[in-house]
Amino acid sequence: MAGGQLELVKLTKRYGPTTAVDAIDLRIPQGTYCCFLGPSGCGKSSTLRMVAGHETASGGDILLGNANITNLVPARRGTAMMFQSYALFPHLTVLDNIAFSLKMKGAPKAERYAKARQVMELVDLGKFETRMPAQLSGGQQQRVALARALVTDPGILLLDEPLSALDPFLRLKVRTELKRLQRELGISFLHVTHGQDEAMALADLVVIMKDGRIEQAGTPQDVFHRPATAFVARFMGGHNVLTLDGRPVTVRADRVRLGTGGEAARTMSGEVRGVEYGGATVTVVMAAGEAGEITAVIPEEDYARAPTELGESRPIHWARADEYALAAA
Ligand SMILES: Nc1ncnc2c1ncn2[C@@H]1O[C@H](COP(=O)(O)OP(=O)(O)OP(=O)(O)O)[C@@H](O)[C@H]1O
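Throughout, a residue's number is its position along its own chain's written sequence, starting from 1. It should be noted that, the model being predicted, local features are given only for residues of pLDDT at least 70 and side-chain atom pairs only at 80 or more, the latter also being counted only at that level, while totals for whole chains, interfaces and linings use all residues. Side-chain numbers come from the whole structure's heavy atoms, not from hydrogens or water.

Any residue with at least one heavy atom within 4 Å of a molecule or strand is counted as near it. All residues adjacent to the ligand are Tyr-15, Ala-20, Pro-39, Ser-40, Gly-41, Cys-42, Gly-43, Lys-44, Ser-45, Ser-46, Arg-49 and His-194. Definition of a polar contact: a pair of N or O atoms within 3.5 Å, with one able to donate and the other able to accept a hydrogen when the atoms are protein atoms, and with sequence-neighbouring residues admitted only if both atoms are side-chain atoms. With respect to the ligand, the backbone of Gly-41 contributes an N or O atom lying 2.8 Å from an oxygen atom. Between the ligand and Gly-43, the relevant distance is 3.0 Å, taken from an oxygen atom to a main-chain nitrogen or oxygen of the residue. Protein coverage of the free-state accessible area of the ligand, which is 630 Å², stands at 60%. Numbering goes from the N terminus for both helices and strands, where a helix is a DSSP run of H or I of at least four residues and a strand is a run of E of at least two. The element that contributes the greatest number of residues to the shell around the ligand is helix 1 (residues 44–52), accounting for four residues. Computed with the Shrake-Rupley method and a 1.4 Å probe, the accessible areas treat only the protein chains shown as cover for residues.

Pasting the structure below:
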């Protein structure tokens, strides 16, 4: 399947009185790894389910390539979805689980198995073809689910929290594998996640949602270095959101330093409220009067030269060039 650009135009989902997705516009070029990020209930899954066709749109359009797929049945869209629960058939072998959707499409047996084996190689499942799902580890079951979604040659792969059931070690490993697969296949992946780190590591395009709307869509560098709103800055973490000279600004925590700065810096006094050792860095939380609470993340060797005491008053500073103006709330 060619796939092509995915475009959401004023896409809306209402459940009774609740507007879960509020007229969002988004363009995702072909071959993009796109992560949807946001707090619980912001509408990420509803958006994904509308693209998959598992949920009807209450308004707006979904365009894939040259086709308007808004009202097509899921099997006709050229999309495939990998579920968090994997949803494997317990009584079918790995090979039959993966070949199943081709059987539904009426493909002859030899063709289904050849295609299923090709996809199994892609996700490194070759030696498990005769196993039943119960005889596989969680990570292997997940690869079966992934292969099953890919066997129909989708133009877009949709993944709803695909890594959340895995332990941290496996999560990192599968994350790398997903990225490799996406690059190899050249199709877009739309991946819903709660994890900022996961989105930063995987995405070409990060879409941050809040209350059914897109708060910001951009590269990981865009959303981290240039958060559009206080919400994005706080949600991505690593930022101080402050009111300076009467306007909302953000200053990255790793740009704040202890001590007095030069002329190009803004220096203020803070009282040390907390110190947390983090290995390569030390996090110091200061109460800075009207500016509010300021967090500084300092390289360990800098901190070791002038350690702080709780309750102590200390000057802190940062370069004015590191202040980034936010849109007013
Ligand atoms: N089938 C449904 N019926 C009624 N309300 C629903 C339904 N599904 C979702 N909602 C509501 O729509 C809003 C968005 O839900 P959605 O599942 O899209 O959010 P989400 O960002 O994916 O959340 P989470 O991260 O918790 O999965 C929520 O307020 C939710 O309660």
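After presenting the structure, the write-up continues.
Now for the nonpolar core. Take the buried Ala, Val, Leu, Ile, Met, Phe, Trp, Tyr and Cys residues and link them wherever side-chain atoms come within 4.5 Å; each set so joined is a nonpolar core. Residue burial is assigned from relative accessible area. The probe radius is 1.4 Å, only protein chains are included, and a residue is buried under 20% of its type maximum, exposed over 50%, and partly exposed in between. Membership of the largest hydrophobic core comes to 47 residues, with the highest contact counts inside it found for Ile-98, Leu-146 and Leu-157. A total of six residues in this core trace back to one element, the largest contributor, which is helix 4 (residues 138–150). Contact partners of Leu-157, with chain neighbours within four places excluded, come to Ala-80, Leu-146, Ala-149, Leu-150, Ile-187, Ser-188, Phe-189 and Leu-190. One finds Phe-36, Cys-42, Leu-190 and Met-209 within the second-largest nonpolar core, a separate group that totals 26 residues. Contacts were defined at the residue level, with two residues in contact if any of their heavy atoms lie within 4.5 Å.

Turning to the sheet that holds strand 10 (residues 213–218), a few remarks are in order. A strand pair is defined by DSSP finding two or more bridges across the two strands. What the six strands build is an open sheet, ordered 6-7-8-3-9-10; its pairing is mixed. Only two strands of the sheet have a single partner each, and these edge strands are strand 6 (79–82) and strand 10. Between one strand and the next, the sheet's axes are offset by a mean angle of 20 degrees, whatever the strand orientation. Of the strand pairs in this sheet, strand 7 (residues 156–160) and strand 8 (residues 188–193) are connected by five bridges, and their pairing is parallel. Between N-to-C directions, angles span 0 to 180 degrees; the directions come from axes that are lines fitted to C-alpha atoms, helices contributing only their stretch in contact.

This next bit is on the side chain of Gln-140. Within the secondary structure layout, Gln-140 lies in helix 4. A distance of 2.9 Å separates a polar side-chain atom of Gln-140 from the backbone nitrogen of Ser-137.

Quick look at the domain arrangement of the chain now. An automatic or database domain assignment is the source of the domain bounds shown. As assigned here, the chain comprises domain 1 (6–225) and domain 2 (238–325). Taking only C-alpha atoms, the centre of domain 1 and the centre of domain 2 are 40 Å apart.

This paragraph deals with helix 4. Here helix 4 contains 13 residues, and its C-alpha end-to-end distance of 19 Å stays within 8% of the 18 Å for a straight helix at 1.5 Å per residue. Within helix 4, eleven of the 13 residues are buried, which leaves it mostly tucked inside the rest of the structure. Among the residues of helix 4, those classed as buried are Gly-139, Gln-140, Gln-142, Arg-143, Val-144, Ala-145, Leu-146, Ala-147, Arg-148, Ala-149 and Leu-150. Packed against the buried residues of helix 4 are strand 6, helix 2 (94–104), helix 3 (109–122), strand 7 and helix 5 (168–185). Expected span of a helix: the number of residues minus one, times 1.5 Å.

For the rest of this paragraph, the subject is the pairing of strand 16 (residues 293–299). Burial along strand 16 is one-sided: Ile-294, Ala-296 and Ile-298 are buried, and none of Glu-293, Thr-295, Val-297 and Pro-299, which face the opposite way, are. Pairing analysis gives seven bridges linking strand 15 (residues 281–287) to strand 16, with the strands arranged antiparallel. Residue pairing across strands places Val-285 opposite Thr-295, the latter belonging to strand 16.

On to the packing of aromatic side chains, then. Two aromatic rings, drawn from Phe, Tyr or Trp (for Trp, its six-membered ring), form a pair once their centres lie within 6.5 Å of each other, and the interplanar angle then sorts them: stacked below 30 degrees, edge-to-face above 60, tilted otherwise. This model, assessed by the stated rule, comprises three aromatic pairs. With a centroid separation of 4.6 Å and an interplanar angle of 55 degrees, the aromatic rings of Phe-89 and Phe-100 are classed as tilted. Here the residue Phe-89 occupies a position in the loop between strand 6 and helix 2, and Phe-100 occupies one in helix 2, the gap between them amounting to eleven residues. Overall, the relative accessible area of 27% leaves Phe-89 in the partly exposed class. Between Phe-231 and Phe-235 the ring centres are 5.7 Å apart and the planes differ by 15 degrees, which places this aromatic pair in the stacked class. You can see Phe-231 and its partner Phe-235 sitting in helix 8 (residues 230–236), four residues apart, about one turn around the helix. Exposure remark for Phe-235: the relative accessible area of 16% places this residue in the buried category.

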